[in-house]
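The residues making up each chain are set out below.
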Amino acid sequence: EDKVVQSPLSLVVHEGDTVTLNCSYEVTNFRSLLWYKQEKKAPTFLFMLTSSGIEKKSGRLSSILDKKELFSILNITATQTGDSAVYLCAANTGTASKLTFGTGTRLQVTL
Amino acid sequence: GAVVSQHPSRVICKSGTSVKIECRSLDFQATTMFWYRQFPKQSLMLMATSNEGSKATYEQGVEKDKFLINHASLTLSTLTVTSAHPEDSSFYICSAREARASDNEQFFGPGTRLTVL
């Protein structure tokens, strides 16, 4: 059974802090690893990672994949209150491009 | 970017009734749509994969007779929760994959919150 595990489950930080969110996966027919941000409604896309060791960046967010260790991290630097959300990672697998989601990390950024 | 809509955004119904949720791709054609369910403080769980013009593929543990999926056109898929019960109360989200996009690209709808009394 495909499995995606995220840690920590929740995190409270002060504005300005840097956070690292973790995602490990055990899936068959791995194609890519995706990160999403979910506020009150549906997830919004952040990154898609297919190759090991290549960092993707978007502003204060960055992410990298390690296909040998079956692991990915999402970094957020200089956090802001608007970063408060649930961050989901998902493994894209198989020919049908199914997404298996992790449990999510609930991030709260306080003033 | 590609836009996916869902209707209704929120529905409250009595136990035993059926509820239909629509998922539309507004500015692209979606050969494949996915239906997810999310319980409070839990992650998205894939329920079924819906391909236009063919029967949906359901994930293990999802009752196909209870969750009827119809994907009659390239822009519309519907999920009908039949004889809904309080334990079906959840957040239902669809996503759509564009016909000619890379197979990693899925666009999510805003979700439908179902409450069964």
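Note: the structure precedes this text.
As the structure is a computational prediction, the values presented were derived from the model and not from experiment. (Residues numbered from 1 in each chain as written. Chains lettered and ligands numbered in written order. Predicted model: local features only at pLDDT ≥ 70, side-chain atom pairs only at ≥ 80, totals over all residues. Heavy atoms only, no water.)

Moving on, we get to the pattern of salt bridges. As enumerated under the stated definition, the model contains four salt bridges over all chains in all. Put simply, A:Asp83 and A:Arg60 hold a salt bridge, and the shortest N to O gap is 2.8 Å. In this pair, A:Asp83 is assigned in the loop between strand S8 (71-76) and strand S9 (85-93) and A:Arg60 in the loop between strand S6 (56-58) and strand S7 (61-66), connecting sequence segments 23 residues apart. Taking relative accessible area as the criterion, A:Arg60 reaches 25% and is therefore assigned partly exposed. Note that B:Asp88 is salt-bridged to B:Lys66, the shortest N-O span being 2.9 Å. A residue pair is termed long-range when its members are at least 10 positions apart, and B:Asp88 in the loop between strand S8 (76-81) and strand S9 (90-98) and B:Lys66 in the loop between strand S6 (57-58) and strand S7 (67-73) qualify at 22 residues. Pair check on accessibility: B:Asp88 and B:Lys66 agree, each one buried. (Salt bridge = Lys/Arg side-chain N within 4 Å of Asp/Glu carboxyl O. Helix = DSSP H or I, 4+ residues; strand = E, 2+ residues; numbered from the N terminus. Buried < 20%, exposed > 50% of the residue type's maximum accessible area, 1.4 Å probe, protein only.)

At the junction of the two partners, chain B supplies 18 residues and chain A supplies 21 residues. For the pair chain B and chain A, the two sides together bury roughly 1,500 Å², of which 50% comes from carbon and sulfur. Here chain B is connected to chain A by one salt bridge. The shortest N-O distance in the salt bridge between A:Lys98 and B:Glu59 comes to 2.9 Å. For the pair chain B and chain A, the number of links is three residue pairs in polar contact (both at pLDDT 80 or more). Secondary structure elements with two or more residues in the side of chain B that touches chain A: strand S4 (30-38), strand S5 (45-51) and S9 of chain B. Grouping the constituent residues of the side of chain B that touches chain A by class yields eight nonpolar, six polar and four charged. (Contact = heavy atoms within 4.5 Å. Buried area = accessible area lost by both parts, 1.4 Å probe. Polar contact = N/O pair within 3.5 Å; in protein donor to acceptor, adjacent residues only side chain to side chain. Nonpolar A, V, L, I, M, F, W, Y, C, P; charged D, E, K, R; others polar.)

Below, the discussion takes up the state of the cysteines. Residue and element names in this part refer to chain A. One pass over the full model with this rule turns up two disulfides over all chains. In this model, Cys23 is linked to Cys89 through a disulfide, with the two sulfur atoms separated by 1.9 Å. On the S-S bond that ties Cys23 to Cys89, the torsion sits near 75°, and the link is right-handed. With Cys23 in strand S3 (residues 19-26) and Cys89 in strand S9, the pair connects residues that are 66 residues apart, well separated along the chain. (Disulfide = S-S within 2.5 Å.)

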